[in-house]
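Structural overview for review
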Amino acid sequence: MIPFNKPYFTGKETTYIEDAVKRGMISGNGYYTKKCQAYFQESFGFKKALLTTSCTDALEMCAMLANIQPGDEVIVPSYTFVSSALAFVRQGANVVFADSKKNHPNIDETKIEALITNKTKAIVVVHYAGIACNMDVIMAIANAHNLLVIEDAAQAISSKYNGKYLGSIGHMATFSFHETKNIISGEGGLLAINDDRFINRAEIIWEKGTNRAEFFRGEVNKYGWVDTGSSFLPSEIIAAFLWAQIENINVIQYKRLELWHHYNIALKEWAKTQSIQLMPEPKTETNNAHMFYLVCKSMGQRDAIINFLKSKHILSVFHYLSLHSSQYYKDKHDGRALPNSDKFSERLLRLPMFYELDVVEVVEALVSYKTS
Ligand SMILES: *Cc1c(COP(=O)(O)O)cnc(C)c1O
C-alpha cells in the first residue's frame, strides 16, 4: 500500500530529544526553542518567531493580537482548513468568506475590496500548496483600508514571493509542523510577527498572559498577570524534534521538488487526454512542493480515480469542503455563492507526496486510468 502521507524522520530526532532531557529542562522556551526561533528569524526574515503547539494556536494568537472583538469582520478564503476561520470566530468575529481564483485555489485578490466594510479588521490569506497569493495587491488593499494581513502559511515553508519568504510579508503569519507538512514535529506550529507593534504582546499572550519572557531577560523586576493569553508554547521535546528537521530542511525540500517535477512531467500527456488539469507550475512564485494536485473535470471523475488508485493500493485524497457551506457556518454565511471554492472542493485531488515516495509507481498506475 502506498499511503497518502508518511512522516519522514531524519534520524536525529531522538538524539536531540535525549539531549533535551539531559539538559534537565523540558518545559517551553528553552535551548531548542530558542535555536529554532533564531533559525526562522535569521533564515526567513521574520522580525520575531515564536514556536507554538500548532498552526491553529498561532492563528488564535493572531486573532488575539489583532484584538478582534465580537462583531468585527475578518475576510477569509472559503477554500481552506477550518482553523483559518475558526481562530477568528472564537474571538467573536463574523467571517466574510472570499472566493478562490478561477484557476487557482488561492484567494481572488480582485474580489477582496468589495467585501470590505467599516467593520473589517483583517484579511487572512492562505498560500495554498505553498504557492504565494498576490501579496502586492493584497498589502496595498490592506494599507489603503488600514487592515491587518495575516498569512496562513501553514503549507508554505521555504516558499517566496518576489524574493521575500512567505510569512515575512503580512503583519503576522503562521506555519504548521503537523506531520502532513514539509518539516514536522508531529503537532507543532510557528507564529511570525513582522510588525514591531505586536512583538511584546505576542510574547505575553504566548506565556499565559504573563510578562515571564521579559522578566527572564531582566527587563522587568516583577513577573505577573498583565494581559489575556493562553499556554501556546510547545515543550522542549517538540522543539528538539523540530531542530532535527530544520537541520535537514534543504535535503527535504530538494527531494520533494524532485518528486513534484517527476509528477509534472510524467503526467502531462495523460492529463490532456483525460481533460484533467495538473497543478499549475508556478512561474513568478516559487514552489515548495508541499503537494501535487490534479483538478479533475468532474466530481464523478475524481471519485473514479480515487477508487481506481485504491484498487492499485495507492491512497489519494481530496479536501476542503467550502467553509461557507460547512455545517457550522452555513447559517452565519451571508448567502453569496462562491463557485470557484466549490469547484476545487468538488474536483481537486491530491496525490501521495512524501520524502520516501515511489513516485514512478504512482505515475504508472495513474496513466493506466482512462475515463470511461
Ligand atoms: C495544516 C493547516 C492548518 C492547521 O495546522 P495545525 O498545525 O494542524 O494546526 C491551518 N491552515 C492550513 C492552510 C493548513 O494546511
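Position numbers for residues start from 1 in each chain and track the written sequence from start to end. Totals for whole chains, interfaces and linings use all residues, but because this is a predicted model, local features are given only for residues with pLDDT of at least 70 and pairs of side-chain atoms are given and counted only at 80 or more. Computation of side-chain values covers all heavy atoms of the structure but excludes hydrogens and water.

Digging into the sheet that holds strand E4 (residues 120–126)
Applicable threshold: When DSSP locates at least two bridges between a pair of strands, those strands are taken to pair. For helices the rule is a DSSP run of H or I covering at least 4 residues; for strands it is a run of E covering at least 2, with both sets numbered from the N terminus onward. Every angle, taken between N-to-C directions, lies between 0 and 180 degrees, and every axis is a line fitted to C-alpha atoms, over only the stretch in contact when it is a helix. We call two residues contacting when some pair of their heavy atoms lies within 4.5 Å.
Pairing is mixed in the open sheet, where seven strands are placed in the order E1-E9-E8-E5-E4-E2-E3. Strands with a single pairing partner mark the edges of an open sheet, and in this sheet they are strand E1 (48–52) and strand E3 (94–98). Taken pair by pair, the neighbouring strands of this sheet meet at an average axis angle of 20 degrees, ignoring direction. The pairing of E1 with strand E9 (residues 189–193) spans five bridges and is classified as antiparallel. Across the sheet, residue Leu51 finds its bridge partner in E9, namely Leu190. Lying on the sheet, helix H3 (residues 55–65) is in contact with E1, strand E5 (148–152), strand E8 (172–176) and E9; it crosses E8 at an angle near 165 degrees.

Some details on a nonpolar patch on the surface
We count it as follows: For patches, a residue must show more than 30% relative accessible area and have no salt bridge; joins then use 9 Å for like charges and 5 Å for nonpolar side chains, namely Val, Leu, Ile, Met, Phe, Trp and Tyr. Only the protein chains shown count as covering a residue, and every accessible area follows the Shrake-Rupley method with a 1.4 Å probe. Definition used for salt bridges: Asp or Glu carboxyl oxygen within 4 Å of a side-chain nitrogen of Lys or Arg.
A cluster of nonpolar residues, Val21, Ile26 and Ile237, forms a patch on the protein surface that exposes about 230 Å² of accessible area. Within the secondary structure, Ile26 is located in the loop between helix H1 (13–22) and helix H2 (31–44).

Brief notes about helix H12 (residues 339–347)
The following threshold applies: For each residue, the accessible area found with a 1.4 Å probe, counting protein chains only, is set against the maximum for its type, and the residue is called buried under 20%, exposed over 50%, and partly exposed in between.
Every buried residue belonging to H12 is among Asn340, Ser341, Lys343, Phe344 and Ser345, and all of these are buried. Residues of H12 that are buried sit in contact with strand E11 (293–295), helix H11 (299–311) and strand E12 (348–350).

Focus on the site of the ligand
Put simply, the rule is: Nearness here has a simple test: a residue counts as near a molecule or strand if at least one of its heavy atoms is within 4 Å of that partner. The definition of a polar contact used here is a pair of N or O atoms within 3.5 Å, where within protein one atom must be able to donate a hydrogen and the other to accept one, and adjacent residues in sequence count solely through side-chain atom pairs. Buried and open spaces are told apart on a 1 Å grid over the protein atoms alone, a cavity being a set of points where a 1.4 Å probe fits but cannot get out and a pocket being an open set with protein on both sides within 12 Å along at least five of seven lines. Residues with an atom within 4 Å of a point are the lining residues. Each molecule is checked against the cavity or pocket grid, and it sits inside if more than half of its atoms lie within 2 Å of the grid points. The nonpolar class holds Ala, Val, Leu, Ile, Met, Phe, Trp, Tyr, Cys and Pro. Asp, Glu, Lys and Arg form the charged class, and all remaining residues, Gly among them, are polar.
Near the ligand, the surroundings consist of 14 residues, among which Cys55, Thr56, Asp152, Ser176 and Lys181 are the closest. Within the side chain of Thr56, an N or O atom sits 2.5 Å from an oxygen atom of the ligand. In the environment of the ligand, an oxygen atom lies 3.3 Å from a nitrogen or oxygen atom belonging to the side chain of Lys181. Alone, the ligand offers 390 Å² of accessible surface; in the complex the protein occludes 92% of this. Counting atoms within 2 Å of the grid points, the majority share of the ligand lands in the largest pocket. Classifying every residue of the shell around the ligand by side-chain character gives five nonpolar, seven polar and two charged.

Side note on the state of the cysteines
Our working rule: Only a pair of cysteine sulfur atoms within 2.5 Å qualifies as a disulfide here.
This structure, assessed with the given rule, holds zero disulfides. Unpaired in terms of disulfides, Cys36 finds its nearest cysteine sulfur in Cys55, a separation of 16 Å. Classification of Cys36 by relative accessible area gives buried; the value is 0%.

What to know about the packing of aromatic side chains
Just so we agree on the cut-off: By convention, a stacked pair of Phe, Tyr or Trp rings (six-membered ring in the case of Trp) has centres within 6.5 Å and planes under 30 degrees apart, an edge-to-face pair has planes over 60 apart, and any other such pair is tilted.
A full pass over the atoms with the stated rule returns 23 aromatic pairs. Where Tyr8 meets Tyr355, the ring centres are 3.7 Å apart and the plane angle is 15 degrees; that geometry is what we call stacked. Of the two residues, Tyr8 sits in the segment before H1 while Tyr355 sits in the loop between E12 and helix H13 (359–367), which places them 347 residues apart along the sequence. Both residues of the pair, Tyr8 and Tyr355, belong to the buried class. Centroid distance Tyr39 to Phe44: 5.7 Å. Interplanar angle 90 degrees. Geometry classified as edge-to-face. Tyr39 sits in the buried class, given a relative accessible area of 18%. According to the relative accessible area criterion, Phe44 is buried, its value standing at 6%.

Keep in mind these values describe shape, not function.
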